[in-house]
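Notes for the structure review
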Amino acid sequence: QVRLVESGGGLVQPGGSLSLSCVATGRLRSTISMGWYRQAPGGERESVARIRSDGLVIYSSPVKGRFAISKDSAKNAVSLQMNSLKTEDTGVYFCNVQDVGPSGLNNYWGLGTQVTVSS
């Protein structure tokens, strides 16, 4: 069984920084990508940043220039450095891993970590 555990969420003032981490354990066979999604209060889950196994990165427009994603493939870990945080960054942040298993593509999700940006 694959399990993703996020950490690093918390309360921060606008303009501040937070760093999120995610570690995947279990039987990942061939990882395609790792990334972060978020869900604002009352909103939909949306992609924030993803990094492919070959290192290609894509950021959503609202976080470009402020967030940075990185990974440690050997440890099945991914991190998200968040700088210059805004109130609209508030939400639950979820770690996601896409993996190819014996029966095809698998998506794994963490339970999420709360990020609150408030004065």
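Going by the structure above, here's the rest.
A brief report on the enclosed structure follows. These figures come from a predicted structure and were not determined experimentally. Going along each chain's sequence as written, the residues are numbered from 1 onward. Local features in this predicted model are restricted to residues of pLDDT 70 or higher, and side-chain atom pairs are both shown and tallied only at a pLDDT of 80 or more, whereas totals for entire chains, interfaces and linings draw on every residue. In computing side-chain properties, one takes all heavy atoms of the structure into account and sets aside hydrogens as well as water.

Points about the sheet that holds strand β3 (residues 18–25)
The condition is simple: What makes two strands pair is DSSP finding at least two bridges between them. Segments assigned H or I by DSSP are reported as helices when at least four residues long, segments assigned E as strands when at least two residues long, and all are numbered from the N terminus. Note on geometry: axes are C-alpha line fits, over the in-contact stretch for helices, and angles between N-to-C directions span 0 to 180 degrees.
Pairing within the open sheet is antiparallel, and its four strands lie in the order β1-β3-β8-β7. A single partner strand is all that each edge strand has here, and the edge strands are β1 (3–7) and β7 (67–72). Across the sheet, the mean angle separating the axes of adjacent strands is 15 degrees when strand polarity is ignored. Sheet topology note: the β3/strand β8 (residues 77–82) ladder contains six bridges and is antiparallel. Looking at β8, one finds that L18 is bridged to M82.

So, unusual backbone geometry
Phi angles above zero are rare outside glycine, and N76 is one such case at about 50 degrees. Mapping N76 onto the fold places it in the loop between β7 and β8. In this structure, S84 is a non-glycine residue whose phi angle is positive, near 50 degrees.

Describing the state of the cysteines
Where we set the bar: The disulfide criterion used throughout: a pair of cysteine sulfur atoms within 2.5 Å. Think of it in three bands: with a 1.4 Å probe and only protein chains considered, a residue is buried below 20% of the maximum accessible area for its type, exposed above 50%, and partly exposed in between.
Overall, the coordinates contain one disulfide when judged by the stated rule. Each sulfur in the disulfide pair C22 and C95 lies 2.1 Å from the other. As the torsion about the S-S bond is roughly -80 degrees, the C22-C95 disulfide counts as left-handed. With a gap of 73 residues between them, C22 in strand β3 and C95 in strand β9 (residues 91–101) connect regions that are remote in the sequence. Relative accessible area serves as the criterion here: at 1%, C22 is assigned to the buried category. Judged by its relative accessible area of 0%, C95 is buried.

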